Amino acid sequence: MKKIKIYRSIAKLKSIDMFYFDTKTEGQPILCLHGRRGRAETWFDFIQHYGEQYRIIAPDQRGHGLSSKPVSKYTAEEMAEDIIQLLDFLKIDSIILVGHSMGGAVAGYLAAVYPEYVKAVAILDKSASGPAEPNKVMIDKSQLRDPLTKIGPYPLPHGTKQ
């Protein structure tokens with residue numbers, strides 16, 4: 001298997017700047033959404049495995065990696081809107097969508113609300129039930145640390161070790 005070239009770019013969207021990997025190869029696009037604390041690099045092996053047959057796009061979602069980290073609720077709805085803006089920016093109208101954990105919640109919402117963009121969806125390691133209560137905006141920086149692991153502050157900067 002030959003090594004797949006990965007292009008790194010930043011899309012200037014309406015509400016954020018979104019960093020993303022793109023193989024720019026021929027074939028049906030697969031868009032990969034990482035989980036909480038993840039980033040585009042999560043999908044490196046996936047990209048190498050499927051990058052010859054498909055165009056693989058893997059963004060750093062809002063609040064992660066090299067993408068913008070605005071004060072916001074970080075809901076699946078907000079993050080799905082970011083992805084629709086990314087697809088429009090890239091002039092892509094049909095994707096296979098893969099989401100892991102938090103990315104699975106975004107993928108599920110995106111597939112339900114924007115079915116015209118989604119040819120197929122795979123959700124990995126995510127419950128269908130969702131949170132018991134919606135996210136609240138956190139203004140106090142002390143609330144940005146995980147209470148169990150003390151890791152933080154959230155959102156995590158690019159390259160943060162867990």
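Everything quoted here is computed from the prediction, not taken from an experiment.

**As for the pattern of salt bridges**
Counted under the stated rule, the structure contains five salt bridges. Between K12 and D17 there is a salt bridge, with the nearest N and O atoms lying 3.1 Å from each other. Put simply, D22 and R55 hold a salt bridge, and the shortest N to O gap is 2.5 Å. Of the two residues, D22 sits in strand 2 (residues 17-22) while R55 sits in strand 4 (residues 55-59), which places them 33 residues apart along the sequence. On the basis of relative accessible area, D22 is assigned to the buried category, the value being 1%. Judged by its relative accessible area of 17%, R55 falls in the buried class. Salt bridges linked by common partners bring R62, E78 and D82 together as one network.

**Considerations on the sheet that holds strand 5 (residues 95-100)**
Read across the open sheet, the six strands follow the order 1-2-4-3-5-6; overall the sheet is mixed. Of all strands in the sheet, those bounded by a partner on one side alone are strand 1 (7-12) and strand 6 (118-124). On average, adjacent strands in this sheet sit at an angle of 25° to one another, irrespective of strand direction. With three bridges joining them, strand 2 and strand 4 adopt antiparallel strand pairing. Bridge pairing in strand 4 links Y20 to P59. Sheet contacts for helix 2 (residues 76-90): strand 1, strand 2, strand 3 (29-33), strand 4 and strand 5; angle to strand 2, the most-contacted strand, approximately 60°. Running over the sheet, helix 3 (residues 102-113) touches strand 3, strand 5 and strand 6 and is turned about 145° from strand 5.

**Some remarks on the side chain of Q61**
As for its placement among the helices and strands, Q61 is situated in the loop between strand 4 and helix 2. Residue classification places Q61 among the buried residues on the basis of a relative accessible area of 1%. With residues near it in sequence (within four places) discarded, Q61 still touches M18, L33, H34, S67, M79, M102, G103 and V106.

**Quick look at the side chain of R62**
Of note, R62 is situated in the loop between strand 4 and helix 2. Within the local environment of R62, its side chain forms a polar contact with the side chain of S72, the two groups lying 3.2 Å apart. Ignoring sequence-local partners within four residues, the contact set of R62 consists of S15, I16, M18, S68, P70, S72, Y74, E78, M79 and D82.

**A short note on the pairing of strand 1**
Sheet topology note: the strand 1/strand 2 ladder contains six bridges and is antiparallel. What sits directly across from I10, in strand 2, is F19. Taken together, strand 1 and the strand that follows it, strand 2, pair antiparallel across an intervening segment of four residues.

Rules and cut-offs
Residues numbered from 1 in each chain as written. Predicted model: local features only at pLDDT ≥ 70, side-chain atom pairs only at ≥ 80, totals over all residues. Heavy atoms only, no water. Salt bridge = Lys/Arg side-chain N within 4 Å of Asp/Glu carboxyl O. Helix = DSSP H or I, 4+ residues; strand = E, 2+ residues; numbered from the N terminus. Buried < 20%, exposed > 50% of the residue type's maximum accessible area, 1.4 Å probe, protein only. Pairing = 2+ DSSP bridges. Axes fitted to C-alpha atoms, helices over the stretch in contact; angles between N-to-C directions. Contact = heavy atoms within 4.5 Å. Polar contact = N/O pair within 3.5 Å; in protein donor to acceptor, adjacent residues only side chain to side chain.

Purely spatial values, then, with no claim about function.
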